[in-house]
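Understanding the architecture of this molecule
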Amino acid sequence: MPDTLHIDAERCTGCTSCMLACSFAKAGTHAMHLSRIRISRDEEIAEFQPKVCRQCRARACIAACPVNALTLSRETEAVLLEAELCIGCEACVAACPYDALRMDTERRLPLVCDLCGGSPSCVEACRFPRAIWYGEDPPS
Amino acid sequence: MKTSYPGRVLAVDLSTRSVSKEALPPSWIADFLGGRGVGARTLWENVPPHADPLGEDNVLILAPGVLTGTSAPCSGRTTLLAKGPATGHYLKSSVGGHLGISLKLAGVDLLVIRGCADRPVSLVLDGGDGRIVPADTEWGMTVRETTASLRSRYGEDAEVTCIGPAGERLVRFAAVMTSVYNAAARGGIGAVMGSKRLKAIVVPPARGSVDVADAPAFRAAVQKARDALYNDTVAKDLHRFGTARDVDLLNELHLLPTRNFQHSTMEGDAYALSGRSWAELGLLKRIVGCGGCIYCCHRFTRVPSGPFAGVSSGGPEYETVAAFGSGCGITKIEPVLAANSLCNDLGLDTISTGSVIQWAMESVQRGVLPDERRDGLDISFGNEQAMLELVRRIGYREGLGDLLAEGVARAADVIGAGSQAWAMQARGLEQSNVETRGSLGYALAFAVNPRGPDHLHTECLAEFGGTKEGIDLIERITGDRRLAVPSKEEARGVIVRWHEDMYAVSDALGLCAFATTAAYSLTESLISHLYAAATGRSPTDLELMRAGRRIETLERCFSLREGLLPERDDRLPDRIMSEIAPDLDRGEPVSDRKLKRLLDQYYHLHAWDLHTGRPLASTLSALDLSFAEGVCTPGDDR
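The rules we used
- Residues numbered from 1 in each chain as written.
- Chains lettered and ligands numbered in written order.
- Predicted model: local features only at pLDDT ≥ 70, side-chain atom pairs only at ≥ 80, totals over all residues.
- Heavy atoms only, no water.
- Helix = DSSP H or I, 4+ residues; strand = E, 2+ residues; numbered from the N terminus.
- Rg over C-alpha atoms; globule rule 2.2 N^0.38 Å.
- Buried < 20%, exposed > 50% of the residue type's maximum accessible area, 1.4 Å probe, protein only.
- Areas by Shrake-Rupley, 256 points an atom, 1.4 Å probe, with all protein chains shown as cover.
- Lys, Arg positive; Asp, Glu negative; His and termini not counted.
- Charge placed at Lys NZ, Arg CZ, Asp CG, Glu CD.
- 1 Å grid on protein atoms, 1.4 Å probe; cavity = no way out; pocket = protein on both sides within 12 Å on 5 of 7 lines; lining within 4 Å.
- Points joined across faces, edges and corners; volume = space filled by probe spheres on them.
- Nonpolar A, V, L, I, M, F, W, Y, C, P; charged D, E, K, R; others polar.
- Contact = heavy atoms within 4.5 Å.
- Buried area = accessible area lost by both parts, 1.4 Å probe.
- Salt bridge = Lys/Arg side-chain N within 4 Å of Asp/Glu carboxyl O.
- Pairing = 2+ DSSP bridges.
- Axes fitted to C-alpha atoms, helices over the stretch in contact; angles between N-to-C directions.
- Parallel < 35°, antiparallel > 145°, perpendicular 65-115°, else oblique.
- Phe/Tyr/Trp six-rings, centres within 6.5 Å; stacked < 30°, edge-to-face > 60°.
- Lys NZ or Arg CZ within 6 Å of the ring centre and 35° of its normal.

1. Here we look at the overall build of chain A
What chain A contains, in helices and strands, is four helices and eight strands. Along its sequence from the N terminus, chain A presents helices and strands in the succession β-α-β-β-α-β-β-α-β-β-α-β. A compact globule built from 140 residues would reach a C-alpha radius of gyration of about 14 Å, and chain A, at 15 Å, matches this within 12%. Viewed in the frame of its principal axes, chain A has a C-alpha envelope of about 40 × 35 × 25 Å. Residues classed as buried in chain A amount to 49% of the 140 residues present. Total accessible area on chain A is roughly 6500 Å²; 49% of this is exposed by carbon and sulfur atoms. Averaging the coordinates of the 15 positive side-chain charges in chain A and doing the same for the 19 negative ones gives two points 2 Å apart.

Written as structure tokens, this is what we have:
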């Protein structure tokens, strides 16, 4: 069975390295508003919450898409976006029960995590804290 | 061509309430890289000679690095610069948190703030534009209160950089705070901000981006840099235990400054003060990372029970633990956490605050602090209540705190009675908590630091030989791994010079100096690959380090221009040079003669005049710094 992204918010340091890595990997530039993963930070009490697609079984986003622009990867079971089909209606964003999707408002496309094809960039940036990891091994 | 550092300047004049966008001269970017380097060049150009550090002519500069805002590991640092109120010389103070990334994403590579407002104001950066807004509501508030107030107005995700009550009252060691708990602490940079009546700089989340010149090459360089750090001994330790990890080890080595450097070991259990113990004591709530960091050495601590229950704050770092723990004769961690929290809220440098309190405690110990100066407090080593009350009084300049707020040099001059002998300062800045009598690389580095004696201009941890990476570095730069011994005089000049070049490059690029001059795995080669891919420029490793040399030489020139006298000022606190702690079983005072030998090594390597300690005109010319020649040539302004 393909692996999934795991999150342990207690281990998140709020460094946002994952957001920089994600936007660079997916958009070719460093921009917080283009990252598929988001870290909400309450600095005063040092509580940080990563938010990203968890490849849930429900796939409400796929079901909500009126033009079948979202499909499931056979290799990774990640949700994939076919950008040329997308009409920017934001139905997928509204449908996600985990508030994990948001829009690239300039290109009018949802920011869909495709797990970087099975080697997520965000995970690579989080190897010390291991607040996010990919696969079954829990962090030691 | 795309670059991570286009050189966009936002220039603000608080006197005329004007804001304008400017561009950095391309030659400055080529010669000084960015961050601290471009900041130092800007300071030289913009602060008129002999300006009052707390007057209208001083300039406050915020300088994120070339790589800040990118995915390069540990690249989130920002350097703040001004003429310093503690020393009257050059001042740079570096900070992490999320300030640098916020500035870069808002389209600001350099923020230059001139003039003074006539009433309290804040600066709000919206999409690269600056607005000056009233700060009457926030003036008087603590750092936590200020941040909360401004976030309620400009958004919970707004980055707030501000001063606390200490900066408003021009305490000479007031800090500028960002991300609530990260401090640009040293040298009184917060007093400069306070003198401008600038309470805060607010950066709401921006939809900007930071590009790089060659994305595939940058991706590869980032991966290599990360891999190097993931395998580094010190980086792993910093992540697990923070900067205070080795308080107990330093105590065992008799290198833990205690009771104002009268001793080098503390009584009681040093393990309780060590960062290694905080998780098991239930004090560590969270490991925290600065923006863009990968090893995340910052902490958030909270006291769960007992008389200090509920105390919480970011930190403390090693320096804070030594300042308020062993330094003040305090052996419990909870009062240290309380002092740390108070300093963060008031906006105070913990190093200097601890140092002036230790000086007051020793002045009482020696019976020279008059009763009428003591504010009715029992100012004895080990008295945690007196320590905490003095922190508060310093922040608000009340009673004895008003005197201590001037810094230990000025306070000792007022009290006299020989108390200058235990004022742990040089050039007017309190020394950080490194036992420089037992580590001669640090001693030399402290003596020549343009902002005064501390480890944050030249961290040379490698001389301790504590890690394989450190020993390998010593072998690489000196040819002999047996020189990784801190009590040796030999090769200290070479060791210090490499570290100061590397530190300057790190600050210019926005890289955390822990990654380059403590962890050592982010090498010159890895850095130049990151720099080249990010900017499209391709200096050799040597040229990059040479830019570091250029930066620190210009900083020296700035201090010389403002009155630095090397024969008087290139030195260490009197106690370090004349006394030995009875329990310091390795080392001896760094005597005048010993320091002279170290300085000779150092001046020679820099090609400075051996007698005057000033750069030669030919040295400046070789570094393309001839514009500074007039104030630095021997005999010119003496």
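2. Section: the layout of surface pockets
One number sums up the size of the second largest pocket: a volume of about 660 Å³. Lining the second largest pocket we find 26 residues, and of these Met19(A), Met32(A), Ile39(A), Asp157(B) and Pro205(B) sit closest to its centre. For the lining of the second largest pocket, the elements supplying multiple residues, two or more each, are β2 (38–42) and β3 (47–51) of chain A together with α3 (99–105) of chain B. Per-element accounting of the lining of the second largest pocket gives the leading share, four residues, to β2(A). Looking at side-chain class alone, the lining of the second largest pocket contains ten nonpolar, six polar and ten charged residues.

3. Topic: the interface of chain B and chain A
On the chain A side, the residues contacting the 44 residues of chain B number 33 residues. Across the chain B/chain A interface, buried area totals approximately 3000 Å², and carbon plus sulfur atoms make up 51% of it. It is Arg207(B), Tyr230(B) and Arg286(B) in chain B that bury the most area against chain A; as a group they hold 24% of the surface buried on that side. One can count four salt bridges joining chain B with chain A. When the shortest N-O distance is used, the salt bridge between Arg127(A) and Asp227(B) registers 3.2 Å. When residues of the side of chain B that touches chain A are traced back to their parent elements, those giving at least two are α3, α4 (143–154), α7 (215–230), α8 (233–241) and β13 (284–288) of chain B.

4. Some thoughts on the pairing of strand β3 (residues 60–64) of chain B
Residues and elements named next belong to chain B. When you tally the buried positions in β3, you get five out of five residues, the bulk of the element. A two-sided burial pattern is seen for β3, the buried positions comprising Leu60, Leu62 and Pro64 on one face and Ile61 and Ala63 on the other. Pairing geometry for β3 and strand β6 (residues 110–114), over three bridges, is antiparallel. Each residue of the ladder has a partner; that of Ile61, found in β6, is Val112. Across four bridges, the pairing between β3 and strand β4 (residues 78–83) is antiparallel. When the bridges of β4 are listed, Ile61 appears paired with Leu81.

5. Structural notes on the sheet that holds β4(B)
Residue and element names in this part refer to chain B. Here we have six strands laid out as an open sheet, ordered β2-β1-β6-β3-β4-β5, and mixed in their pairing. Looking at strand neighbours, the two that pair on one side only are β2 (18–23) and β5 (90–95), the edges of this open sheet. Adjacent strand axes in the sheet meet at a mean angle of 20° when their direction is disregarded. Inspection of the sheet shows β4 paired to β5 by six bridges, in the antiparallel sense. What sits directly across from Thr78, in β5, is Val95.

6. Examining the packing of helix α20 (residues 524–535) of chain B against helix α21 (residues 541–561) of chain B
All names here are of chain B. Where α20 contacts α21, the two axes come as close as 9 Å, and the packing angle between them is 90°. Here α20 lies roughly perpendicular to α21, going by the angle between them. Of α21, the residues touching α20 (which contributes Glu524, Ser525, Ile527, Ser528 and Tyr531) are Asp541, Leu544 and Met545. Looking at the contact of α20 with α21 residue by residue, the class counts come to four nonpolar, two polar and two charged.

7. Focus: the packing of aromatic side chains
The geometry of an aromatic ring pair is captured by the separation of the ring centres together with the interplanar angle, meaning the angle of the planes. Scanning all chains against the criterion turns up eleven aromatic pairs over all chains. Relative to Phe218(B), the ring of Phe24(A) has its centre 5.6 Å away and its plane inclined at 90°; by these criteria the two rings are edge-to-face. In this pair, Phe24(A) sits in helix α1 (residues 17–27) while Phe218(B) sits in helix α7, so the two residues belong to two different chains. Judged on exposure class, the residue Phe24(A) and its partner Phe218(B) are both buried. Here the aromatic rings of Tyr602(B) and Trp608(B) are separated by 5.5 Å at their centres, their planes lie at 85°, and the arrangement is edge-to-face. Three or more aromatic residues joined by ring pairs form one cluster here, namely Tyr442(B), Phe446(B) and Phe464(B). The ring of Trp422(B) carries the charged tip of Arg366(B) above its face, separated from the ring centre by 5.3 Å. Above the face of the Trp44(B) ring, Arg561(B) is positioned so that its terminal group lies 4.7 Å from the ring centre.

8. Some remarks on the environment of Ala166(B)
Residue and element names in this part refer to chain B. By the secondary structure assignment, Ala166 is in helix α5 (residues 165–168). The class of Ala166 is buried, set by a relative accessible area of 0%. Here the alpha-carbon distance between Ala166 and Ser326, two residues 160 residues apart in the chain, equals 24 Å.

9. Description of the sheet that holds β13(B)
Residue and element names in this part refer to chain B. Taken together, the three strands give an open sheet; going across it, the order is β13-β14-β15, and neighbouring strands pair in antiparallel fashion. Of all the strands in the sheet, just β13 and β15 (312–314) have a single pairing partner and so form its edges. Adjacent strand axes in the sheet meet at a mean angle of 10°, parallel and antiparallel pairs treated alike. Bridge count for strand β14 (residues 298–302) against β15 is three bridges, and the pairing is antiparallel. Looking at the pairing, Phe300 lines up with Gly314 of β15.

10. Topic: the pairing of β2(B)
Residue and element names in this part refer to chain B. Pairing geometry for strand β1 (residues 8–13) and β2, over six bridges, is antiparallel. Counterpart to Arg8 in the pairing with β2 is Ala23. Where β1 hands over to β2, the hairpin turn is made up of four residues, of which Arg17 adopts a positive phi near 55°.

11. Let's talk about the pattern of salt bridges
Residue and element names in this part refer to chain B. Applying the stated rule across the entire model yields 62 salt bridges over all chains. Where Glu389 meets Arg392, a salt bridge forms, and the shortest distance between an N and an O atom there is 3.0 Å. Linking Glu389 with Arg392, this pair stays in helix α13 (residues 384–396), spanning three residues, or about one helical turn. Connected through salt bridges with shared partners, the residues Asp375, Glu389, Arg392, Arg393 and Glu398 form a single ionic network.

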